[in-house]
Amino acid sequence: MIRHLVLFKLNEGVGRDDPRVVAGARAFASLGDQIEELRFWECGWNISDRPIAHDFAINSAVEDQDALKRYLEHPAHQAGVAQWREFATWVIADYEF
């Protein structure tokens, strides 16, 4: 199995209530039901107020590298990524477990 973690940081001046952000969070929340390669899916807003914290996180799992590739290329995933590019940056980590 491969764990796929993504941490998002909203761009300066962009808030969680921005309509683009609300739509982007909604798009990612629905991916777990849309992409069959996902074996585990959760996402949500950070609750920490530490200055080094990111704003939004995705924690997911897929079977293997091929499934990860299919997930990343899935049209629903690509649509969500396109939305988030407008208002955030992110870091990822993929590891086997």
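Residues numbered from 1 in each chain as written. Predicted model: local features only at pLDDT ≥ 70, side-chain atom pairs only at ≥ 80, totals over all residues. Heavy atoms only, no water.

## A word on a nonpolar patch on the surface
Together, M1, Y95 and F97 make up an exposed nonpolar region whose accessible area comes to about 300 Å². Structurally, F97 is set in the segment after strand 4 (88–96). (Patch = residues over 30% accessible without salt bridge, like charges linked within 9 Å, V, L, I, M, F, W, Y side chains within 5 Å. Areas by Shrake-Rupley, 256 points an atom, 1.4 Å probe, with all protein chains shown as cover. Salt bridge = Lys/Arg side-chain N within 4 Å of Asp/Glu carboxyl O. Helix = DSSP H or I, 4+ residues; strand = E, 2+ residues; numbered from the N terminus.)

## A word on the packing of helix 3 (residues 65–73) against helix 4 (residues 75–85)
At their nearest, the axes of helix 3 and helix 4 sit 5 Å apart, and the two run at 55 degrees to each other. Between helix 3 and helix 4, the interaxial angle falls into the category oblique. The segment helix 3 lies against helix 4, with Y71, L72 and E73 engaging P75, H77 and Q78. Across the contact of helix 3 with helix 4, the residue classes tally to three nonpolar, two polar and one charged. (Axes fitted to C-alpha atoms, helices over the stretch in contact; angles between N-to-C directions. Parallel < 35°, antiparallel > 145°, perpendicular 65-115°, else oblique. Contact = heavy atoms within 4.5 Å. Nonpolar A, V, L, I, M, F, W, Y, C, P; charged D, E, K, R; others polar.)

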